[in-house]
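# Overview (structure and organization)
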Amino acid sequence: MWTYGFAYGNEKKIKILDKILFFVTMGRDFNEELRQRQVEAMKEVMIGDRINDRANHTVMYVSDRMTKEYDPIEYQIKKEQRLRNIKEIIKKELSD
């Protein structure tokens, strides 16, 4: 919980973080215009408002089609691929 005095106000106690990574999973396909607008809205709220000047660098990674509604085999393959990708991204981001 970010409260007044900790994250807000004139004498904030929260320290500025070097880097924040957001990993977002969504059930639908990111190629849909509506989903792209939803992700942009999440970026605006999470990065633009909540994080704002509390981090030097922020990155948002989005994994789409992460629901069993699609082909179950495709879902399982994507799930495993995305988990490997997330591990690689974290290693890379932490080493930068």
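First, a word on scope: everything that follows refers to the structure included in this document. (Residues numbered from 1 in each chain as written. Predicted model: local features only at pLDDT ≥ 70, side-chain atom pairs only at ≥ 80, totals over all residues. Heavy atoms only, no water.)

## Describing the pairing of strand β2 (residues 55-63)
As a reminder of what qualifies: Paired strands are those between which DSSP finds at least two bridges. Labels follow the DSSP assignment, with helices taken as runs of H or I lasting at least four residues and strands as runs of E lasting at least two, numbered in each case from the N terminus. The handedness of a crossover follows from its direction of travel: if, with the strands pointing away from the viewer, the path from the first strand over the helix to the second runs clockwise, the crossover is right-handed.
Two strands pair when backbone bridges link them, and strand β1 (residues 17-25) and β2 are joined in this way by eight bridges, in the parallel orientation. Across the sheet, the residue bridging to L17 is A55, located in β2. Regarding topology, helix α1 (residues 33-51) serves as the crossover connection from β1 to the parallel β2, and that connection is right-handed.

## Section: the packing of aromatic side chains
Just so we agree on the cut-off: Between 30 and 60 degrees the pair is tilted, below 30 it is stacked and above 60 it is edge-to-face, where a pair is any two Phe, Tyr or Trp rings, Trp via its six-membered ring, whose centres lie within 6.5 Å. Each residue is placed in one exposure class: buried if its accessible area under a 1.4 Å probe, protein chains only, is under 20% of its type's maximum, exposed if it is over 50%, and partly exposed if it falls in between.
Under the counting rule described, the total for this entry stands at one aromatic pair. The interplanar angle of 15° and the centroid separation of 5.5 Å between the aromatic rings of F23 and Y61 together place this pair among those described as stacked. Residue F23 is located in strand β1, and its partner Y61 is located in strand β2; the two are separated by 38 residues in the primary sequence. Assessed through its relative accessible area of 33%, F23 is described here as partly exposed. By relative accessible area, which is 24% here, Y61 ends up partly exposed.

No statement about biological role is implied by the geometric values presented.
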